[in-house]
Amino acid sequence: MPEIPLSEKTLTVAGLSESDLLARIFPRLEMDARHSAATVLGPGDDAAIISASDGRTVISIDTQVQDQDFRLRWANGYHTTGFDVGWKAAAQNLSDINAMGATATSLVVSLTLPPGTLVSWVEDLADGLAAGIRELGAEECSVAGGDLGRGREISVTAAVLGTLNGGRAVLRSGARPGDVLALAGTVGHAAAGLALLESELDVHSLTPEQRALLDIQCRPQPPLWAGPLARTAGATAMLDISDGLVRDGARLAGASGAVLDLEPRELGRLGERLGPASELLGVDPLTWVLGGGEDHGLLATFPSGIQLPSGFTAIGSVQALGTTESPGVKIAGRVTGAGGWDHFAD
Ligand SMILES: [Mg+2]
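The rules behind these values
Residues numbered from 1 in each chain as written. Predicted model: local features only at pLDDT ≥ 70, side-chain atom pairs only at ≥ 80, totals over all residues. Heavy atoms only, no water. Domains from an automatic or database assignment. Contact = heavy atoms within 4.5 Å. Buried area = accessible area lost by both parts, 1.4 Å probe. Salt bridge = Lys/Arg side-chain N within 4 Å of Asp/Glu carboxyl O. Polar contact = N/O pair within 3.5 Å; in protein donor to acceptor, adjacent residues only side chain to side chain. Nonpolar A, V, L, I, M, F, W, Y, C, P; charged D, E, K, R; others polar. Helix = DSSP H or I, 4+ residues; strand = E, 2+ residues; numbered from the N terminus. Buried < 20%, exposed > 50% of the residue type's maximum accessible area, 1.4 Å probe, protein only. Core = buried A, V, L, I, M, F, W, Y, C linked by side-chain atoms within 4.5 Å.

Caption draft 1: Inspection of the domain arrangement of the protein at higher detail. For the protein, the domain assignment lists domain 1 (13-163) and domain 2 (172-335). Distance between the C-alpha centres of domain 1 and domain 2: 26 Å. With 22 residues of domain 1 in contact, the opposing surface of domain 2 contributes 30 residues. Counting the surface lost from both domain 1 and domain 2, the interface buries some 2,100 Å², and carbon and sulfur atoms represent 56% of this. Looking only at domain 1, the three residues that lose the most surface to domain 2 are Asn76, Tyr78 and Asn98, adding up to 29% of its buried area. Applying the counting criterion to the domain 1 and domain 2 interface returns 2 salt bridges. In this structure, the salt-bridge partner of aspartate 84 is arginine 219, at a minimum N-O distance of 2.6 Å. Remark: the boundary between domain 1 and domain 2 carries 11 residue pairs in polar contact (both at pLDDT 80 or more). Across the side of domain 1 that touches domain 2, the residue classes break down as 12 nonpolar, 7 polar and 3 charged.

Caption draft 2: Broad picture of the environment of asparagine 98. With respect to the helices, strands and loops of the structure, asparagine 98 is situated in helix α3 (residues 82-98). Taking C-alpha positions, asparagine 98 is 8.9 Å from glycine 162, a pair spaced 64 residues apart along the chain.

Caption draft 3: A look at the pattern of salt bridges. The tally for this structure, following the rule as stated, stands at 13 salt bridges. When the shortest N-O distance is used, the salt bridge between arginine 269 and glutamate 266 registers 2.8 Å. In this pair, arginine 269 and glutamate 266 both sit in helix α9 (residues 264-270), 3 residues apart, roughly one turn of the helix. Assessed through its relative accessible area of 19%, glutamate 266 is described here as buried. Each of Arg24, Arg28, Glu123 and Asp127 takes part in a single network of salt bridges with overlapping partners.

Caption draft 4: Region of the structure containing the nonpolar core. Ranked by size, the top nonpolar core spans 77 residues in total, and within it Leu21, Leu94, Leu111, Leu245, Leu262 and Leu299 carry the most contacts. Residue contributions to this core peak at 8 residues, all from helix α4 (residues 119-135). Composition of this core by domain shows at least three residues from each of domain 1 (13-163) and domain 2 (172-335). Listed in part, the 12 residues of the second largest apolar core include Ala99, Ala182, Ala230 and Phe312.

Caption draft 5: Molecular detail of the side chain of serine 60. Along the chain, serine 60 falls in strand β3 (residues 58-65). Separated by 3.4 Å, the side chains of serine 60 and aspartate 96 make a polar contact. Aside from chain neighbours lying at most four places away, what touches serine 60 is Asn93, Asp96, Ala158, Ala159 and Val160.

Caption draft 6: Quick look at the environment of valine 187. Checked against the element boundaries, valine 187 lands in the loop between β7 (180-184) and α5 (189-198). Residue valine 187 is classed as buried on the basis of its relative accessible area, which comes to 2%. For valine 187 and glycine 271, which are 84 residues apart along the polypeptide, the C-alpha to C-alpha distance reads 7.9 Å. When residues no more than four places from it in sequence are discounted, the contact partners of valine 187 are Ile241, Leu270, Val289 and Asp295.

In structure tokens form, the structure reads like this:
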């Protein structure tokens, strides 16, 4: 590898003009070379133009703030890379489009950076964003534009557009009593990874299995193939699990006016790969399975009797509300108090 000059290693964003910094970011986002089919006009003008082929645009937005959503240095010694933050910005946003049964067409990104941020960290962020889009399989998506600004801490906001390609959207409100409740992707892995980051256990002492959980927290792997597949298979309701199975499940149950009943044996199976972190930290894997968010697995309901689409596993069922009952999540018919992450809770 060519030796990087010391001045380049220590160069901060304060040492570059906005246009110089953008000139370093754009090529890494492949913005010049690669536009999605929906991009009528890419970056370089006052605004981008994205086509909405069936007359509708699916849109979502998500923000990550330093010391709120991530730490640059964690208790266990792990340093969050720009790549991690860029990847996560892509993953979180693409997951929300997936959860509607849609396909992402473009992303726009707003970066707020303290003057002391290393330029190499920002370049790394652009690499992570591009890699997230590509490696998670959002082939029809590209970065259509963005904005740079200064602030006291790093903040990354991404907005994503998507298309339903003429199909229906899968909302949270369509679950019906008798439907099968199914999951694609994982739950609890990112929460176990977060617990490892927040522990005092040196990151370098982790086993490959423990490290894999930490990696899911830093670079989530939402099953982007699963959303459109669930829609065409006849999913009645769907959402991505960003705040925890119980908390997000309760949102779906509330929107549908029903109860979700989870199958204990399936919950145990979902926690199988959490053993290496659970033993190390002395935490019941079920805590992470029920309350852990950020894996961005898809929770969906399907009419009973249909074959579940590939990659979905049945984990419970939808039941009618009893006369005095509120919508919510149960385990084997019993109300569960396990919560997921709520940004505004104590
Ligand atoms: Mg969501």
